[in-house]
Amino acid sequence: MGLRSTLGPPPSSNMRKALSLLFGLLVSAIAVVWGFRGLDWDGIQTGLRTLSWSAVALYVLSLLIIHVLRTARWALMVRALDPKISVYHLVGMSFLGFAGVFLVPLRLGELARPLLLKVHSRIGFSAGLGTVAIERAVDGLVMTGFLVGAILLGAAPSSGMLLTGTLALGVFVGASLAFAAMARWPHASEAFWGRLLSPFGERIRDAVLGLLRGFVEGLGSLPTHSARLNYLGLTFAYWGLNGLGMWFLATQMGLSVSLQAMFVTMALLVVGIMVPAGPGAVGTFHAAIIWGLSHLYGVDRTGAAAFALTVHGLQVIHMLLVSLPFVGLIRQRRGEVPDQSSSVM
């Protein structure tokens, strides 16, 4: 059974889907107008021409390494749930999923890997969704940690920025504690959240409880302290490389920005692309970078816009190139592709 047939009947009407898509496109359009208002486009083109091909190649190489690190991290959970899954399927589902999260509007691409797992492994959809939930919780904690660390190391332009980072850390710590309580006392926690969410309607309550159940099921794939430390280490590695890569590219484009400031900008970018928008987070991606660099750190808006366009363009091209070889997985049935490697990533 192919991936399409696992989706079943659409959960909402065509009108609702169309309105959601229009909303995402509207958000992107507003962000584009706001982010690029009053810019010197000749200056942007000049900024783009300052970048050498060798710098582009090094940045794209860093993106590939980040993809490999993220795949290795996901493999720690997936291989524990289904040890027989092949490297081909593991890498393919990862690369397709990463592209889906970024390119599909309204962040609906988050469902890509759980759906692919349901087709190409013995892992159910809820457990697959649990692996994604764990990623988001850990990513939020680590990214917020980088943000607070960068601010404490001198990247805070104001005391309000430090307060914002501290509050963000508190929110993510609270969410992680809620997940931890669900893992330690699942029945009591489920009853608590069920009562707490009842006023918001059955649909919202069931959606949140389903996410929590999936998280607990996915957490079972990291049963040892060693596995959890490896998972955390890979998370720090790929976020650290992400910030370093962006800082390297900025310096190669002539922008005067510190490494700490770039980590703060990266944190703002993460928030920006979490906003439901059109395909590829167009607009929200660019506005977050332009505002962060220009408003917080005094970078010329024209140079910041050229940098945002470059980062976005290279990331989109890279995601398309590395995911295209695996597009066939979307239609393949289970077992159609032989196990091309039995090694554990």
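What you see is a predicted model, and the numbers here were worked out from it, not measured in a lab.

Asks: Go over the confidence of the model for the protein chain with me, naming the residues and quoting the values.
Replies: In low-pLDDT regions, the fine details of the predicted coordinates are not to be read closely. Summary statistics for the protein chain give a mean pLDDT of 83 and a share of 86% for residues scoring 70 or more. The model gives residues 1-9 a pLDDT under 50, and that stretch makes 18 contacts with residues more than four places away or in other chains.

Asks: Mind laying out a nonpolar patch on the surface, listing which residues take part and the relevant values?
Replies: Together, Met-15, Leu-19, Leu-21, Leu-22 and Leu-25 make up an exposed nonpolar region whose accessible area comes to about 490 Å². The residue Leu-22 is located in helix 2 (residues 14-36) in this model. A residue is classified by how much of its surface remains accessible, and Leu-22, at 53% relative accessible area, is exposed.

Asks: Explain the nonpolar core to me, and be specific about the residues and the numbers.
Replies: Judged by nonpolar contacts, the single largest core of 77 residues is most densely connected at Trp-239, Met-246, Ile-289, Leu-293 and Phe-307. Contributing elements (two or more residues each) for this core: helix 4 (53-81), helix 5 (87-103), helix 6 (112-120), helix 7 (125-155), helix 11 (225-252), helix 12 (259-274), helix 13 (284-297) and helix 14 (301-323). Once residues within four sequence positions are removed from consideration, Met-246 is found in contact with Tyr-59, Met-262, Met-266, Leu-269, Ile-289 and Phe-307. Formed by 5 residues, the second largest nonpolar core is a distinct cluster that contains Ala-137, Phe-179, Met-182 and Leu-209.

Asks: Give a detailed account of helix 12, specifying residues and quantitative values.
Replies: If you check helix 12, its first and last C-alpha atoms are 23 Å apart, about what 16 residues at 1.5 Å a residue would give, namely 22 Å. Buried within helix 12 are the following residues: Ala-261, Met-262, Phe-263, Val-264, Thr-265, Met-266, Ala-267, Leu-269, Val-270 and Gly-272.

Asks: Can you lay out the environment of Val-87 for me, pointing to particular residues and giving the numbers?
Replies: When you line up the elements, Val-87 lands in helix 5. The spacing of Val-87 and Ala-75 is 12 residues in sequence and 9.1 Å in space, taken between C-alpha atoms.

Asks: Tell me about the side chain of Thr-310, and please be specific about residues and values.
Replies: Position of Thr-310 among the secondary structure elements: in helix 14. Exposure remark for Thr-310: the relative accessible area of 10% places this residue in the buried category. Setting aside anything within four residues of it in sequence, one finds Thr-310 in contact with Leu-48, Leu-51, Leu-249 and Met-253.

Asks: Please set out unusual backbone geometry residue by residue, giving values where relevant.
Replies: In the Ramachandran plot, Ala-281 falls in the positive-phi region, its phi being about 50 degrees despite a non-glycine side chain. Considering the arrangement of structural elements, one finds Ala-281 in the loop between helix 12 and helix 13.

Asks: Account for the pattern of salt bridges, with residues named and values stated.
Replies: Taken as a whole and judged by the stated rule, the model has 7 salt bridges. Across the pair Asp-139 and Arg-136 runs a salt bridge whose closest N-O atoms are separated by 3.1 Å. Of this pair, Asp-139 and Arg-136 both sit in helix 7, 3 residues apart, which is roughly one turn of the helix. Classification of Asp-139 as buried rests on a relative accessible area of 6%. Given the relative accessible area of 26%, Arg-136 is considered partly exposed. One salt bridge in this structure joins Arg-205 and Asp-206, with 3.3 Å as the shortest N-O distance. Here Arg-205 falls in the partly exposed class, since its relative accessible area comes to 24%. Asp-206 sits in the partly exposed class, given a relative accessible area of 36%.

Asks: An account of the packing of helix 5 against helix 6 is requested, with residue identities and associated values reported.
Replies: Axis separation between helix 5 and helix 6 bottoms out at 8 Å; the angle between their running directions is 155 degrees. Classified by the angle between their axes, helix 5 and helix 6 sit roughly antiparallel to one another. The chirality of how helix 5 crosses helix 6 is right-handed. Of the residues in helix 6, those in contact with His-89, Met-93, Ser-94, Leu-96, Gly-97 and Phe-98 of helix 5 are Ala-112, Arg-113, Leu-116, Leu-117 and His-120. Here the residues of the contact of helix 5 with helix 6 are counted per class, giving 6 nonpolar, 4 polar and 1 charged.

Asks: How would you explain the packing of aromatic side chains if you had to name every residue and give the values?
Replies: In the structure shown here, the tally under the stated rule is 8 aromatic pairs. Centre to centre, the rings of Phe-36 and Trp-41 are 5.6 Å apart; their planes meet at 15 degrees, and the pair counts as stacked. Its relative accessible area of 44% is what places Trp-41 among the partly exposed residues. Centroid distance Phe-102 to Phe-285: 5.8 Å. Interplanar angle 85 degrees. Geometry classified as edge-to-face.

Asks: Tell me about the packing of helix 4 against helix 14, and name the residues and values.
Replies: Where helix 4 meets helix 14, the axes come as close as 10 Å, and the angle between the chain directions of the two elements is 55 degrees. Judged by the angle between their axes, helix 4 and helix 14 are oblique. Between helix 4 and helix 14 the crossing geometry is right-handed. Packed against helix 4, whose contacting residues are Val-56, Tyr-59, Val-60, Leu-63, Leu-64 and His-67, the element helix 14 presents Val-311, Leu-314, Gln-315, His-318, Met-319 and Val-322 at the interface.

What counts and how
- Residues numbered from 1 in each chain as written.
- Predicted model: local features only at pLDDT ≥ 70, side-chain atom pairs only at ≥ 80, totals over all residues.
- Heavy atoms only, no water.
- pLDDT = per-residue confidence, 0-100.
- Contact = heavy atoms within 4.5 Å.
- Patch = residues over 30% accessible without salt bridge, like charges linked within 9 Å, V, L, I, M, F, W, Y side chains within 5 Å.
- Areas by Shrake-Rupley, 256 points an atom, 1.4 Å probe, with all protein chains shown as cover.
- Salt bridge = Lys/Arg side-chain N within 4 Å of Asp/Glu carboxyl O.
- Helix = DSSP H or I, 4+ residues; strand = E, 2+ residues; numbered from the N terminus.
- Buried < 20%, exposed > 50% of the residue type's maximum accessible area, 1.4 Å probe, protein only.
- Core = buried A, V, L, I, M, F, W, Y, C linked by side-chain atoms within 4.5 Å.
- Expected span 1.5 Å × (residues − 1).
- Axes fitted to C-alpha atoms, helices over the stretch in contact; angles between N-to-C directions.
- Parallel < 35°, antiparallel > 145°, perpendicular 65-115°, else oblique.
- Left-handed = near helix turned anticlockwise from the far one by under 90°.
- Nonpolar A, V, L, I, M, F, W, Y, C, P; charged D, E, K, R; others polar.
- Phe/Tyr/Trp six-rings, centres within 6.5 Å; stacked < 30°, edge-to-face > 60°.

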